[in-house]
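Secondary and tertiary structure notes
Single-letter residue listing:
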Amino acid sequence: MKKLFLLLTITLISSANTIAQQAFDKKLILKQMQTANGYFMDKWPDTGKTIITNKERPSNIWTRGVYYEGLMALHEIYPKETYYNYAYAWAEFHKWGFNSGNTTRNADNYCAAQTYIDLYNLEPDAKKLKNTKATMNMLLNTPQLDDWSWIDAIQMGMPVFAKMGVLEKDNRYFEKMYEMYMYSRNKHGDRGLFNTKDGLWWRDADFDPPYQEPNGQDCYWSRGNGWVIAALAKVLTIIPKDAPHRDQYVTDLKTMAAALVPIQRVDGFWNASLHDPNNYGGKEASGTALFVYGIAYGINNGILKKEIYLPVIQKAWKALTEESLHENGFLGYLQSTGKEPKDGQPLSYDKIPDFEDYGLGCFLLAGTEIYKMK
């Protein structure tokens, strides 16, 4: 009987390993990311060129900042000189600074610092962090905690505090980051933006109950929740194992991941409206990619059980690469900028969103985290 049990155990482990190996072909994942990134770099050879949609904007706004987050993640697993040069040229053009200058409290504006710090770490030079340090010191040494009043800001801002805390070996950055995060979590709006009961976040105070979706459920926007789980994963990647408040971020990531599993679509995507599939339902790639990134990080670091969550990201990555990614690298089913499910709708395989950069950044973050799987 013991021999039979041992044989069965070995068979199950072997089967699980075979499934994992079959699920993710690292060479293919790298090729898919290179294809998607190549499409964008070819389309935007001038890193300083302004972005023109409904108006003209500089290329260091949050949308481009998120793209460069993804590019630096790709560079980490595949350190190609052209990727480094592309990011460096962008930072140099903007003089390592922010839209709205060094007094900005808007996390969208200092999102670019995530890449500035990464570039500094590869080749330290004081000029690279002059503006970042000025802005972050201002945030650190002023009492306000309520700057992140919309959940997108958590992803734009938290990792900058985390990176600066590590760089400066200064726990004050970790403490300020935690206080600002918890203010968003527990105090913004009527009761905080995180509904621990549902394990999901309202995008901002405008979506607090009694605001409802047509089916009577709370409104949980896919990409907004994607920003939060991605921020938690990224911060946990950055901060030391003994950093203060780490357990809070782990707990919240686990709560969100558990809430996402039962609402994943059969095709692997998540709807733009997470709790009302009939209100702007359909494939949406940016939220899906961010969920893949956050969940894959959880699996890779022993936070989430592989047997439960691996099939979730297998299905989602398959959807992203087979139904969103074009042969030329264009990504379809990407919701345009906005703050709720209805924005930028309807989506389709061929529709070009108002900005193509942040969706690619999300895709690259997801792909690189899957690539790291053992």
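Please refer to the structure higher up on the page.
Described below are features of the structure shown in this document.

The rules behind each value
Residues numbered from 1 in each chain as written. Predicted model: local features only at pLDDT ≥ 70, side-chain atom pairs only at ≥ 80, totals over all residues. Heavy atoms only, no water. Helix = DSSP H or I, 4+ residues; strand = E, 2+ residues; numbered from the N terminus. Rg over C-alpha atoms; globule rule 2.2 N^0.38 Å. Buried < 20%, exposed > 50% of the residue type's maximum accessible area, 1.4 Å probe, protein only. Contact = heavy atoms within 4.5 Å. Areas by Shrake-Rupley, 256 points an atom, 1.4 Å probe, with all protein chains shown as cover. Lys, Arg positive; Asp, Glu negative; His and termini not counted. Charge placed at Lys NZ, Arg CZ, Asp CG, Glu CD. Core = buried A, V, L, I, M, F, W, Y, C linked by side-chain atoms within 4.5 Å. Polar contact = N/O pair within 3.5 Å; in protein donor to acceptor, adjacent residues only side chain to side chain. Salt bridge = Lys/Arg side-chain N within 4 Å of Asp/Glu carboxyl O. Expected span 1.5 Å × (residues − 1). Axes fitted to C-alpha atoms, helices over the stretch in contact; angles between N-to-C directions. Left-handed = near helix turned anticlockwise from the far one by under 90°. Nonpolar A, V, L, I, M, F, W, Y, C, P; charged D, E, K, R; others polar. Phe/Tyr/Trp six-rings, centres within 6.5 Å; stacked < 30°, edge-to-face > 60°. Lys NZ or Arg CZ within 6 Å of the ring centre and 35° of its normal.

**Section: the overall build of the protein chain**
- Looking only at helices and strands, the protein chain has 14 helices and four strands in total.
- The C-alpha atoms of the protein chain give 20 Å as radius of gyration, which agrees with the globular expectation for 374 residues (21 Å, within 12%).
- Scored against the burial criterion, the 374 residues of the protein chain give a buried share of 58%.
- Long-range contacts, defined here as pairs at least 24 residues apart, represent 70% of the contacts in the protein chain between residues at least 6 apart.
- When the accessible surface of the protein chain is split by element, carbon and sulfur atoms take 53% of a total near 16,000 Å².
- Each charge class in the protein chain can be summarised by its mean position, and for the 42 positive and 43 negative side chains these summaries are 5 Å apart.

**A few points about the nonpolar core**
- Within the largest apolar cluster, 122 residues are counted, with the highest numbers of intra-cluster contacts made by Tyr110, Trp148, Tyr249 and Phe363.
- Beyond its immediate stretch of four places on either side in the chain, Trp148 contacts Ala107, Tyr110, Ala153, Ile154, Gly157, Met158, Phe161, Met177, Met180, Tyr181, Ser184 and His188.

**Let's talk about the side chain of Arg203**
- Residue position: Arg203 is located in the loop between β4 (200–201) and α10 (222–238).
- A polar contact of 3.1 Å, which involves the side chain of Arg203, links it to the side chain of Asp152.
- Contacts of Arg203, omitting those with residues within four sequence positions, involve Ser149, Trp150, Ile151, Asp152, Leu193, Trp221, Gly338 and Lys339.

**A closer look at the environment of Gly192**
- Residue placement: Gly192 occurs in the loop between α9 (171–186) and β3 (194–195).
- Taking the C-alpha atoms as reference points, Gly192 and Ala258, separated by 66 residues in sequence, lie 20 Å from one another.
- Discounting chain neighbours no more than four positions away, the residues touching Gly192 are Ser184, Arg185, Asn186, Lys187, Trp202 and Asp208.

**Some words on the pattern of salt bridges**
- Per the stated rule, a full pass over the model turns up 21 salt bridges.
- With its nearest N and O atoms 3.0 Å apart, the salt bridge here joins Arg105 to Asp147. Of this pair, Arg105 sits in the loop between α4 (81–93) and α5 (107–110) while Asp147 sits in the loop between α7 (126–140) and α8 (152–168); the two residues are 42 residues apart in sequence, bridging distant segments of the chain.
- Taking relative accessible area as the criterion, Arg105 reaches 19% and is therefore assigned buried.
- For Lys163, the salt bridge identified is with Asp118, shortest N-O distance 2.7 Å. Residue Lys163 is located in helix α8, and its partner Asp118 is located in helix α6 (residues 113–122); the two are separated by 45 residues in the primary sequence.
- A single network of salt bridges, built from pairs that share partners, joins Asp152, Arg203, Asp204, Asp206 and Lys339.

**Section: helix α2 (residues 26–43)**
- Along its 18 residues, α2 runs 26 Å from first to last C-alpha, staying within 8% of the 26 Å computed at 1.5 Å per residue.
- Inspection of α2 places Ile29, Leu30, Gln32, Met33, Ala36, Asn37, Tyr39, Phe40 and Met41 among the buried residues, and these make up the whole buried set.
- Those residues of α2 that are buried are in contact with α3 (62–77), α4, α13 (306–324) and α14 (357–371).
- The distance from a side-chain oxygen at the start of α2 to the backbone nitrogen of Lys27 is 3.1 Å, and the residue carrying that oxygen is Asp25.

**Observations regarding the packing of α7 against α9**
- The interhelical angle for the contact between α7 and α9, taken along N-to-C directions, is 60°, at an axis separation of 10 Å. The interaxial crossing formed by α7 with α9 has left-handed handedness. Here α7 contributes Met136, Asn137, Leu139 and Leu140 to the contact with α9, which in turn contributes Arg172, Tyr173 and Lys176.
- For the contact of α7 with α9, the residue count by class is four nonpolar, one polar and two charged.

**Concerning unusual backbone geometry**
- Backbone torsion omega between Pro209 and Pro210 reads 20°, so that peptide bond is classified as cis.
- With respect to the helices and strands, the residue Pro210 is situated in the loop between β4 and α10.
- Residue Pro346 is reached from Gln345 by a cis peptide bond, and omega for that bond is -5°.
- Note on placement: Pro346 falls in the loop between α13 and α14.
- Positive phi is not limited to glycine here, since Ser100 has a value of about 80°.
- Relative to the assigned elements, Ser100 resides in the loop between α4 and α5.
- Here Ser100 falls in the exposed class, since its relative accessible area comes to 54%.

**Quick look at the packing of aromatic side chains**
- In this structure the tally under the stated criterion is 25 aromatic pairs.
- Aromatic pair Tyr67 and Tyr86: ring centres 6.3 Å apart, planes at 80°, arrangement edge-to-face. Of this pair, Tyr67 sits in helix α3 while Tyr86 sits in helix α4, and the two are 19 residues apart along the sequence.
- Residue class for Tyr67 comes out buried when judged on its relative accessible area of 0%.
- Ring pairing ties together the aromatic residues Phe40, Trp44, Tyr67, Tyr68, Tyr84, Tyr86, Tyr88, Trp90, Trp96, Phe98 and Tyr116, which thus form one cluster.
- Seen from the ring of Trp44, Lys49 lies directly overhead, with NZ or CZ sitting 5.7 Å from the centre.
- In this structure, Arg64 is placed above the aromatic ring of Trp44, and the distance from its NZ or CZ to the ring centre is 4.5 Å.

By themselves, these observations are geometric and do not establish any function.
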